[in-house]
Amino acid sequence: MKQRLASGCERLDTILGGGLIDPSITLLAGAPGSGKTVLAQQYAFANADPARPVVYFSTLTEPLTKITQFLDGLAFCAPDRIGTSVLFEDLGDVVTEGGLNAGLARLAEVATRTRCGILVVDSIKALRYAALDQAAYTRFLYELAGRLSALATSTLWLAEYDSAELASSAEFTIADATIALSTQATGQRTNRALQVLKLRGSTFLPGWHTYRISEDGLDAFPRLSDPGDGDGTVDPASTARASSGILGLDAMLGGGFWPGSSTIVAGPPGSGKTVIGLHFAFHGTELGQHSTFTTLQENPLQLNRAIRSLGWDPRSEAVALRCESPNDIYIDQWFYDLLDSLTASQTRRLVIDSLTDLAAACDDDQRFNEFLHSLLGRCSQVGITTLLTLEIPDLYGQAGLSGTGISHLSDNVILLQYQRTGARIDRALTVLKTRASPNLPYTTAFEVTGSGIVMDGRPDLSVAP
């Protein structure tokens, strides 16, 4: 079985098929500020061992004191390991005075003497400027790779390459693994993404994966495109229909929601989408089920006020309330935070209010559809019944929902509209779609009262067809 190096981030190790192979040569490539040094230091402390220490070499880009200066602000830094399990060395002066040959000798001597498990060179590309020409630099890299491989030492090479330069670089050719880190600005937002370009001897998750850098280090979020690893079955004890909590609506849905199903409630502003979501969430508490209501439209004060106005208690421990701004979230990170919360709370009912705001946090429509497919698939596999609201622009009629590109992913679609009756404007509801259930395909009026939604009772909805 291949030995693996832990990164200190479980999700990054997942992207890497279990972690970097040990020993191997890994190239961390990216523009300045992309997080290469943070990730390398994270690897260093995650694998610190006095018997086989990590040796971190600075070269010609930053002095050693600057590299170590900001370590104290990182949660993974363990000061008591510095000097014993994690050793910092300066290669810059050696190369400046003696050239690449002296640098090679120094690297080999330290690796042999310390029997280090990992050797980091930050930055390897900077040493190119100490070479007489490209051929000399390439020979240096080959010789260094050979000596470290003979010592069974894993190596991290850090290099300031963009995508165009990286493909033709000698480091890329020699390295066993290459991770490209990228930082892109979208409007006022900065998005970070990494990609594994190669990983010899191992599978890995392809594509771009977002990551964040904080005081905890680098945290990665594997690209969401699959519905998870479940078998698609739901606990037989949980196959009873999930009631909406609204008298009459369950009959229109053919008896309520199937457990693990997803429902889109679409309608114009003020039509009652959030109220239906609250009905669904708080009705679960009456059945002993835990619910999660996450909103990207209202702040905690607004949401609590709305809940109290409908006669429910926002302090209920059975309903987890999450209020976030679409301007502050990154969709992949938001997804993993939500999954962790659903698991911890054993949620059976999930409301997302709204898809419109969530889509605003993703600048790629195809990427958003992949995300939604994965979210609904994972919820379905564990029996979480999901209700999602969607804002549409038309107040008095809707030609179709296909333009949203997401209605086909849901099991049920409920459309809310306004209807003119003389000088009066009424709210109306239509069940457009119910998967694996009969439904009553007509429109009925409803009111939003202090007790929530009240259907008008025409026709008789007290008995399901």
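An account of the accompanying structure is given in this report. Keep in mind that this is a model prediction, so the values were computed, not measured.

Scoring rules and cut-offs
- Residues numbered from 1 in each chain as written.
- Predicted model: local features only at pLDDT ≥ 70, side-chain atom pairs only at ≥ 80, totals over all residues.
- Heavy atoms only, no water.
- Helix = DSSP H or I, 4+ residues; strand = E, 2+ residues; numbered from the N terminus.
- Buried < 20%, exposed > 50% of the residue type's maximum accessible area, 1.4 Å probe, protein only.
- Contact = heavy atoms within 4.5 Å.
- Areas by Shrake-Rupley, 256 points an atom, 1.4 Å probe, with all protein chains shown as cover.
- Lys, Arg positive; Asp, Glu negative; His and termini not counted.
- Charge placed at Lys NZ, Arg CZ, Asp CG, Glu CD.
- Phe/Tyr/Trp six-rings, centres within 6.5 Å; stacked < 30°, edge-to-face > 60°.
- Polar contact = N/O pair within 3.5 Å; in protein donor to acceptor, adjacent residues only side chain to side chain.
- Salt bridge = Lys/Arg side-chain N within 4 Å of Asp/Glu carboxyl O.
- Pairing = 2+ DSSP bridges.
- Axes fitted to C-alpha atoms, helices over the stretch in contact; angles between N-to-C directions.

### Examining the overall build of the protein
Alright, step 1. Helix and strand counts for the protein stand at 13 helices and 20 strands.
Alright, step 2. Counting only residues that meet the buried cut, the protein has 52% of its 465 residues in that class.
Alright, step 3. Long-range contacts, defined as pairs at least 24 residues apart, comprise 70% of the intrachain contacts of the protein with a sequence gap of at least 6.
Alright, step 4. Split by element, the accessible area of the protein, about 20,500 Å² in all, is 51% carbon and sulfur.
Alright, step 5. Side chains of the protein give 36 positive and 50 negative charges; the mean places of these two sets differ by 2 Å.

### Notes on the packing of aromatic side chains
Alright, step 1. Throughout the structure, instances matching the rule amount to 10 aromatic pairs.
Alright, step 2. Here the aromatic rings of tyrosine 137 and phenylalanine 140 are separated by 6.4 Å at their centres, their planes lie at 25 degrees, and the arrangement is stacked. Placement of both tyrosine 137 and phenylalanine 140 in helix H5 (residues 134-150) is noted, with a separation of 3 residues, approximately one turn of the helix.
Alright, step 3. A relative accessible area of 0% means that tyrosine 137 is categorised as buried.
Alright, step 4. An aromatic cluster is built from Phe221, Trp334, Phe335, Tyr336, Phe368 and Phe371, whose rings are joined through pairwise contacts.

### Considering the side chain of threonine 347
Alright, step 1. With respect to the helices, strands and loops of the structure, threonine 347 is situated in strand S15 (residues 347-353).
Alright, step 2. A polar contact is formed between the side chain of threonine 347 and the side chain of serine 345, at a distance of 2.7 Å.
Alright, step 3. Contact partners of threonine 347, with chain neighbours within four places excluded, come to His290, Ser291, Thr292, Leu342 and Ile384.

### Quick word on the pattern of salt bridges
Alright, step 1. Counted under the stated rule, the structure contains 15 salt bridges.
Alright, step 2. Between arginine 11 and aspartate 219 there is a salt bridge, with its nearest N and O atoms 3.0 Å apart. Here the residue arginine 11 occupies a position in helix H1 (residues 10-15), and aspartate 219 occupies one in strand S11 (residues 217-221), the gap between them amounting to 208 residues.
Alright, step 3. A salt bridge links arginine 424 to aspartate 426; its shortest N-O distance comes to 2.6 Å.
Alright, step 4. The class for aspartate 426 is buried, based on a relative accessible area of 15%.
Alright, step 5. Overlapping salt bridges, with partners in common, bring together Glu89, Arg106, Glu109 and Arg113 in one network.

### Regarding the sheet that holds strand S5 (residues 86-90)
Alright, step 1. Pairing is mixed in the open sheet, where 9 strands are placed in the order S5-S4-S6-S7-S3-S8-S9-S10-S11. At either end of the open sheet lies a strand with only one pairing partner, and these are S5 and S11. Pairwise comparison of adjacent strand axes, ignoring direction, gives a mean angle of 25 degrees for this sheet.
Alright, step 2. Strand direction decides the pairing type here: strand S10 (residues 208-214) and S11, joined by 5 bridges, are antiparallel. Each residue of the ladder has a partner; that of threonine 210, found in S11, is phenylalanine 221.
Alright, step 3. The strands that H5 touches are strand S3 (25-30), strand S6 (118-122) and strand S7 (154-159); relative to S7, the one it contacts most, it runs at about 155 degrees.

### Concerning the pairing of strand S18 (residues 424-434)
Alright, step 1. Here strand S17 (residues 412-421) pairs with S18 via 10 bridges, running antiparallel. Across the sheet, the residue bridging to glutamine 419 is aspartate 426, located in S18.
Alright, step 2. Taken together, S17 and the strand that follows it, S18, pair antiparallel across an intervening segment of 2 residues, in which glycine 422 is found at a positive phi of about 65 degrees.
Alright, step 3. Strand direction decides the pairing type here: S18 and strand S19 (residues 443-449), joined by 4 bridges, are antiparallel.

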